[in-house]
Amino acid sequence: MADEIVLLSTWPSMFGMRVGVALAEKGLKYEYREEDLRNKSPLLLNMNPVHKKIPVLIHNGKPISESMIIVEYIDGVWNHKSPLLPTDPYQRAQARFWADYVDKKLYDIGKKIIWSTKEDDHETGKKEFIECLKLLERELGDKPYFGGENFGFVDVSLVTFSCWFHTYESYGNFSIETECPKLIAWAKRCLEKESVSSSLADPHKIHDYAWGVRKRLGIE
């Protein structure tokens, strides 16, 4: 019997896009269901009753939550193609460390740039965001991808933020390419992969979305 795979997410979510990239890397077909986070569906509330957040992957009726946990699940279940985590225990631990760093740092810092109404928070966010990206760039080094020659776990965790880079730059008044040229070259390399380009939202649509949210919040 064929696997039944459903993804609950919202189109601008970099976390939902991670799952899309991982599914595409594995060549898996799935049903996508767009969620309205201001009016969450009974299915989302039933499948993720603890956090009530997207994304949620439903595999043969069983829900898995939290984007990188979902990505690791996908990699474990469909391990016949495009491995995302290395087999070496130390390298696996390092990959999980950097993916966790992205999770714990980048999103919350980025919020200060786009959503904060306080000038101090905005400037602090901008400085911290650039420092965070520079640290990630140092970890990347001269490698094609974070794990080496092959696209993998850390790449999935970070690349979906790249479609938000234009918005961060616009509201932060800085250039990521000027600050982190190797990281932008890495992002462009990732976008050459069909699994990435087909899963990421258009950066200009993201910017329009952010502008709409800012207007609704009274920031614009």
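Since the structure is predicted, the reported quantities are computational estimates derived from the model, not experimental observations.

Asks: Can you help me understand the sheet that holds strand β4 (residues 62-65) in this one?
Replies: Hydrogen bonds along the backbone pair up the strands of a sheet, which may run parallel or antiparallel. An order of β2-β1-β3-β4 is seen for the four strands of this open sheet, with the pairing classed as mixed. Pairing within the sheet leaves two strands with one partner each, and these edge strands are β2 (31-34) and β4. Taking each pair of neighbouring strands and ignoring which way they run, the sheet shows an average axis angle of 20°. Relative to strand β3 (residues 56-59), strand β1 (residues 5-9) is paired through four bridges, and the arrangement is antiparallel. Within the sheet, the bridge partner assigned to Ile5 lies in β3 and is His59. Relative to β1, helix α1 (residues 14-25) is tilted by about 155°, and along the sheet it contacts β1 and β3.

Asks: It is not clear to me how the packing of helix α5 (residues 119-140) against helix α7 (residues 165-172) should be interpreted in this structure. Could you clarify?
Replies: In helix packing, the relevant descriptors are the interaxial angle and the interaxial distance, both defined with respect to the helix axes. In the contact formed by α5 and α7, the axes pass within 11 Å of each other and the chain directions differ by 140°. As the angle between them shows, α5 and α7 are arranged oblique. Here α5 and α7 pass one another in a crossing that is left-handed. Touching His122, Lys126, Phe129 and Leu133 of α5 are Phe165, Tyr168, Tyr171 and Gly172, all from α7. Class assignment of the residues belonging to the contact of α5 with α7 gives a composition of five nonpolar, two polar and one charged.

About the criteria used
Residues numbered from 1 in each chain as written. Predicted model: local features only at pLDDT ≥ 70, side-chain atom pairs only at ≥ 80, totals over all residues. Heavy atoms only, no water. Pairing = 2+ DSSP bridges. Helix = DSSP H or I, 4+ residues; strand = E, 2+ residues; numbered from the N terminus. Axes fitted to C-alpha atoms, helices over the stretch in contact; angles between N-to-C directions. Contact = heavy atoms within 4.5 Å. Parallel < 35°, antiparallel > 145°, perpendicular 65-115°, else oblique. Left-handed = near helix turned anticlockwise from the far one by under 90°. Nonpolar A, V, L, I, M, F, W, Y, C, P; charged D, E, K, R; others polar.

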